[in-house]
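# Structure at a glance
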Amino acid sequence: MLTITFYSFIAIVAIQLSYYLVIFGKFAFAKVQKITPKKIPISVIVCAKNEEENATNYIPLLAEQNYPDFEIVLIDDASSDATLAIFEGFEKQYPNVRLVKVQNNEAFWGNKKYALTLGIKAAKKEYLLFTDADCYPTSKEWITAMSSQFTMQKTIVLGYGKYEKISKSFLNKIIRFETLLTAIQYFSWAKIGHPYMGVGRNLAYKKEEFFNVNGFIEHMQIRSGDDDLFINQAAKAKNTTIAFTPESFTYSKPKTTYKDWFIQKRRHVATANYYKTFDKLQLGLFYCSQLLFILVPIVLLIFQFQWIIVLCLIALRYLVTWIIIGFSAGKLKEKDVVYWYPILELVLLFTQINILVTNTFSKPVHWK
């Protein structure tokens, strides 16, 4: 039995090394990306529901973007606070702001995809750039950086949505590490020609891509997934690229309690259940091999079975993963979380197990 366990551990390490070296290495060792400004027309789309404070703070940052041809489409999704009034004020203040007012619809009540569909149809520009009401760009060159990656063939651009750093907060490190690891995954798979998700905090695509797949119609009944489920359906090797220059990043305020972050992650994990079969399998294999890498060697070390080889394999795996994550974190300006990597990985793994168990017995709550 120990012999079988030992060879199983070798297989687990091989799987992990394959992911990190063969797949994630594509992004980790990618060349520095250049920004070649383009003057393509852009509609920046922001959907908001009860976001009066964030709207007040962040919409002006979008309006101040240094870009020659863009509009901002503000979608108020039947807010019950002052969001609509604030948006109406911006529409009067900025000539390139377009307002879309969404009324409660019995068939699509509380469905962000319905609100986004109305906003996309109202957009006058050919290329669409999405962010959330609680997000803001890192620079005035955000539109330039994201749009620079469009080509005649590449009509979907996956960006990176960072979370603000909170000093002396371990939860903040967990949140930012999870965001970093997720980005490494979807950037790497996109680079090898199999894009499977993106994040609505920072995502761009040509309007025709939306209509080519009939918008959100195939997953309209699923409250979440306006970003990742859409990309899972529409993105292909030929039409998808990534943007990872610092100017292309957006920032969001992270959750400040574990409970709130846990609820947020429950929604994300539940949405992944609707990915294509291959994408679910590759994600499942990655996280299962991660967990087994932690658990299986414990048995071997307790019985001191081939313990020197086991320790060498553990060291090899951590060395490789630390290097890959380190190079990736350097590109995405998240280097400080790498120092905590082994601990953060362990906490994140058991959090994911907790999420899977919790989601099995209750459904997560979606759009506000």
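Residues numbered from 1 in each chain as written. Predicted model: local features only at pLDDT ≥ 70, side-chain atom pairs only at ≥ 80, totals over all residues. Heavy atoms only, no water.

### Some points on the pattern of salt bridges
Evaluated as defined, the whole model comprises 13 salt bridges. A salt bridge links Arg 176 to Glu 334; the shortest N-O distance between them is 3.1 Å. With a gap of 158 residues between them, Arg 176 in helix H6 (residues 170-191) and Glu 334 in the loop between helix H11 (307-331) and helix H12 (335-338) connect regions that are remote in the sequence. With respect to burial, Arg 176 and Glu 334 carry one shared label: buried. Linking Glu 178 and Lys 265 is a salt bridge whose minimum nitrogen-to-oxygen distance equals 2.9 Å. Pair noted here: Glu 178 is in helix H6 and Lys 265 is in helix H9 (residues 258-272), with a separation of 87 residues, a long-range link. A single burial state applies to Glu 178 and to Lys 265, both of which are buried. Counted as one network, the salt bridges with shared partners bring together Lys 162, Lys 165, Arg 176, Glu 334 and Asp 336. (Salt bridge = Lys/Arg side-chain N within 4 Å of Asp/Glu carboxyl O. Helix = DSSP H or I, 4+ residues; strand = E, 2+ residues; numbered from the N terminus. Buried < 20%, exposed > 50% of the residue type's maximum accessible area, 1.4 Å probe, protein only.)

### As for the packing of helix H10 (residues 277-302) against H11
At a minimum axis separation of 10 Å, H10 and H11 run at an interaxial angle of 160 degrees. With respect to H11, the element H10 is oriented roughly antiparallel. Viewed along their axes, H10 and H11 form a crossing whose handedness is left-handed. Here Gln 290, Phe 293, Ile 294, Pro 297, Leu 300 and Leu 301 of H10 come into contact with H11, specifically with Trp 307, Val 310, Leu 311, Ile 314, Arg 317 and Tyr 318. Taken together, the residues of the contact of H10 with H11 break down into 10 nonpolar, 1 polar and 1 charged. (Axes fitted to C-alpha atoms, helices over the stretch in contact; angles between N-to-C directions. Parallel < 35°, antiparallel > 145°, perpendicular 65-115°, else oblique. Left-handed = near helix turned anticlockwise from the far one by under 90°. Contact = heavy atoms within 4.5 Å. Nonpolar A, V, L, I, M, F, W, Y, C, P; charged D, E, K, R; others polar.)

### Let's talk about helix H4 (residues 112-122)
All buried positions along H4 are accounted for by Lys 112, Lys 113, Ala 115, Leu 116, Thr 117, Gly 119 and Ile 120. For H4, the side-chain oxygen to backbone nitrogen distance between the N-cap and Lys 113 is 3.0 Å, and the N-cap itself is Asn 111. (Polar contact = N/O pair within 3.5 Å; in protein donor to acceptor, adjacent residues only side chain to side chain.)

### Overview of the packing of aromatic side chains
Scanning all chains against the criterion turns up 33 aromatic pairs. When the centroid spacing of 5.1 Å and the interplanar angle of 90 degrees are considered together, the rings of Tyr 20 and Phe 24 count as edge-to-face. You can see Tyr 20 and its partner Phe 24 sitting in helix H1 (residues 2-28), 4 residues apart, about one turn around the helix. Feature note: the residues Phe 9, Phe 177, Phe 293, Tyr 318, Trp 322 and Tyr 341 constitute an aromatic cluster, connected by ring pairs. Between Arg 317 and the ring centre of Phe 293, over which it is positioned, the NZ or CZ distance is 4.5 Å. (Phe/Tyr/Trp six-rings, centres within 6.5 Å; stacked < 30°, edge-to-face > 60°. Lys NZ or Arg CZ within 6 Å of the ring centre and 35° of its normal.)

### Some remarks on the sheet that holds strand S2 (residues 70-77)
Spatial strand order, S3-S2-S1-S4-S8-S6-S9: 7 strands in an open sheet with mixed pairing. Across the chains shown, the open sheet's two edge strands, defined by having one partner strand only, are strand S3 (97-102) and strand S9 (240-242). Sheet twist, expressed as the mean angle between neighbouring strand axes with direction ignored, is 20 degrees. Here S2 runs beside S3; their pairing, made up of 6 bridges, is parallel. (Pairing = 2+ DSSP bridges.)

### Regarding the environment of Cys 47
Counting through the fold element by element, Cys 47 comes out in strand S1 (residues 42-48). Separated by 29 residues in sequence, Cys 47 and Asp 76 place their C-alpha atoms 6.3 Å apart.

### A short note on the sheet that holds strand S7 (residues 161-163)
Strand order across the open sheet formed by 3 strands is S5-S10-S7, with mixed pairing between neighbours. Of all the strands in the sheet, the pair left with one neighbour each is strand S5 (135-137) and S7. Averaged over all adjacent pairs, the angle separating strand axes in this sheet is 35 degrees, with direction ignored. Taken together, the 3 bridges between S7 and strand S10 (residues 250-252) define a ladder with parallel strand orientation. Considered in S10, the bridge of Tyr 163 is made with Ser 252.

### A word on the pairing of S1
Among the 7 residues of S1, 7 are classified as buried, and the element is accordingly described as predominantly covered. Residues Ile 42, Val 44, Val 46 and Ala 48 point to one face of S1 and Ser 43, Ile 45 and Cys 47 to the other, with burial holding for every one of them. Crossover S1 to S2 through helix H2 (residues 52-63) is right-handed. Relative to strand S4 (residues 127-132), S1 runs parallel, the two being bridged by 6 bridges. Paired with Val 46 across the strands is Thr 131, a residue of S4. (Right-handed = clockwise from strand over helix to strand, strands pointing away.)

### Some remarks on a nonpolar patch on the surface
Together, Leu 295, Ile 298, Val 299, Ile 302, Phe 303, Leu 346, Phe 350, Ile 353, Val 357 and Phe 361 line one region of the surface with nonpolar side chains, adding up to about 960 Å² of accessible area. For the nonpolar patch, the elements supplying multiple residues, two or more each, are H10 and helix H13 (341-361). With 5 residues, the top contributor of residues to the nonpolar patch is H13. On the secondary structure map, Val 357 appears in helix H13. (Patch = residues over 30% accessible without salt bridge, like charges linked within 9 Å, V, L, I, M, F, W, Y side chains within 5 Å. Areas by Shrake-Rupley, 256 points an atom, 1.4 Å probe, with all protein chains shown as cover.)

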